[in-house]
Amino acid sequence: MKFDDTSITVAVVGCGGFIGSHLLKAILERTRWRVFGVDLDSYRIQEHLSSPRFDFLSADLACPDVVERVARFPIVVNLAAICTPGRYMAEAVEVIRSNYDHPRALADACAKSGSWLIHFSTSEIYGRTAIDSASLEEDSTPIVFGPVSASRWSYATAKLLTERYLAGLSNLEWTVVRPFNFVGPYMDFMPGVDGDGIPRVLANFSTALVRGETLKLVNGGVAKRCFTSVHDAIDFIFCLFAHADAGVGQAFNVGNADNEVSIAELACLMRSIFASIKDVPESDVPGVEVVSGEDYYGKGYDDSLRRLPSVAKAESLLGFKAKISLKDALEESLRWFVGHYAL
Ligand code: UGA
């Protein structure tokens, strides 16, 4: 696909979310394509609403007419999902609707219309990984989930079933993207300001730092994640657009294996970055506190202890490799958070 081809329109479902807002901006800046965007929320994309190359529909995929409309476009990127662990326990049914029922309807419609569906899944489909688990490979790593009583896995189960559904639909051109903890400006929300409940760890720690509250280390903060800059994630999507033939019918990990840290180490790093942003000694920055997963998130919380992506497939098929270091990604995110929510 040529980036200067003015006849191409991409549909982006979830264009107002964290990843969607960065993708929309990048498509408008780096190509001459048009975007048909769907979301219930538009606060992150205000600057684009008047663009002549952007059509915005305030709606969601629960409505069958919206599904049909989206599937008329030749490329469909689906980013819409409930994806904050704080909701996987008490709202399991809604989580499954959002992560299985709605994407399944969209997949059926795309199979009929012949659109290429780029579906955002999750690194969480690798399940309840152990602390010493090896790097996770798209096409060979076995997957283990917790019991039905651990509703943490409602989300991953729905996401994995959607992947299997896409792969099983004859006539569907699909690509699955599995994000590994993307971070950057506009990630999640500040509780009580532009959202409620518990956001993911970056937004949670940023909120605590700005409010002068302790950073909560769930189960001691021993779990490890590979935090990946959202700008690398957007570059991945452009590599996929550029190598569509190699990407169709494949699932890809999108992550930065060099950026692995435990959550306790993440708290340390964020405290030190925050001290330098505010130009105060680290001793003035809030400390950490250990909490239990069930006390913090509710009954049924469980965790993946290590999520280390194998990145070989994206590199060999699409020529993509994440480049942005953990320190740079965290610094950009935290500076943005402090400025955006200046109290
Ligand atoms: C979540 C989603 O479930 C995944 O779908 C998604 O792919 C992933 O985020 C992502 O951002 O890519 P998870 O990594 O568990 O998965 O999300 P977080 O809520 O950010 O938690 C990361 C780790 O930090 C967990 O071990 C959690 O227990 C811990 N945590 C979280 C804390 O110690 N303190 C907090 O305040 C929040």
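Residues numbered from 1 in each chain as written. Predicted model: local features only at pLDDT ≥ 70, side-chain atom pairs only at ≥ 80, totals over all residues. Heavy atoms only, no water.

(A) Broad picture of the sheet that holds strand β5 (residues 116-120). Taken together, the 7 strands give an open sheet; going across it, the order is β3-β2-β1-β4-β5-β6-β11, and neighbouring strands pair in parallel fashion. Only two strands of the sheet have a single neighbouring strand rather than two, namely β3 (54-58) and β11 (250-254). Neighbour to neighbour, the strand axes of the sheet diverge by 15° on average, direction disregarded. Relative to β5, strand β4 (residues 75-78) is paired through 4 bridges, and the arrangement is parallel. Each residue of the ladder has a partner; that of Ile 75, found in β5, is Trp 116. (Pairing = 2+ DSSP bridges. Helix = DSSP H or I, 4+ residues; strand = E, 2+ residues; numbered from the N terminus. Axes fitted to C-alpha atoms, helices over the stretch in contact; angles between N-to-C directions.)

(B) Fine view of the nonpolar core. Ranked by size, the top nonpolar core spans 64 residues in total, and within it Leu 23, Ile 118, Phe 120, Phe 236 and Phe 241 carry the most contacts. It is helix α6 (residues 230-242) that provides the largest number of residues to this core, a total of 9 residues. Setting aside residues up to four positions removed in sequence, Phe 120 forms contacts with Ile 19, Val 77, Asn 78, Leu 79, Lys 159, Val 177, Pro 179, Phe 182 and Ile 237. Core analysis: the next-biggest nonpolar cluster, separate from the first, contains 24 residues, Val 38, Ala 59, Ala 109 and Ala 251 among them. (Core = buried A, V, L, I, M, F, W, Y, C linked by side-chain atoms within 4.5 Å. Buried < 20%, exposed > 50% of the residue type's maximum accessible area, 1.4 Å probe, protein only. Contact = heavy atoms within 4.5 Å.)

(C) Local environment of the site of the ligand. Looking at the ligand, there are 27 residues lining it, with Tyr 88, Glu 124, Asn 181, Arg 225 and Asp 303 nearest. In the environment of the ligand, an oxygen atom lies 2.8 Å from a nitrogen or oxygen atom belonging to the backbone of Val 201. Here the ligand, which alone exposes 710 Å², has 97% of that area covered by the protein. Elements with a contribution of two residues or more to the shell around the ligand: α5 (201-211), β8 (215-218) and α9 (293-297). (Near = heavy atom within 4 Å. Polar contact = N/O pair within 3.5 Å; in protein donor to acceptor, adjacent residues only side chain to side chain. Areas by Shrake-Rupley, 256 points an atom, 1.4 Å probe, with all protein chains shown as cover.)

(D) Main features of a nonpolar patch on the surface. Judged by side-chain polarity, Ile 131, Val 222 and Leu 305 come together as a nonpolar surface patch covering roughly 210 Å² of accessible area. Secondary-structure assignment places Leu 305 in the loop between α9 and β14 (306-307). (Patch = residues over 30% accessible without salt bridge, like charges linked within 9 Å, V, L, I, M, F, W, Y side chains within 5 Å. Salt bridge = Lys/Arg side-chain N within 4 Å of Asp/Glu carboxyl O.)

(E) Local environment of the side chain of Asn 99. Structurally, the position occupied by Asn 99 is in helix α3 (residues 92-113). When its relative accessible area of 0% is taken as the criterion, Asn 99 is described as buried. Each residue touching Asn 99, except ones within four places of it in the same chain, is listed here: Ala 81, Ile 82, Tyr 155, Ala 158, Lys 159 and Thr 162.

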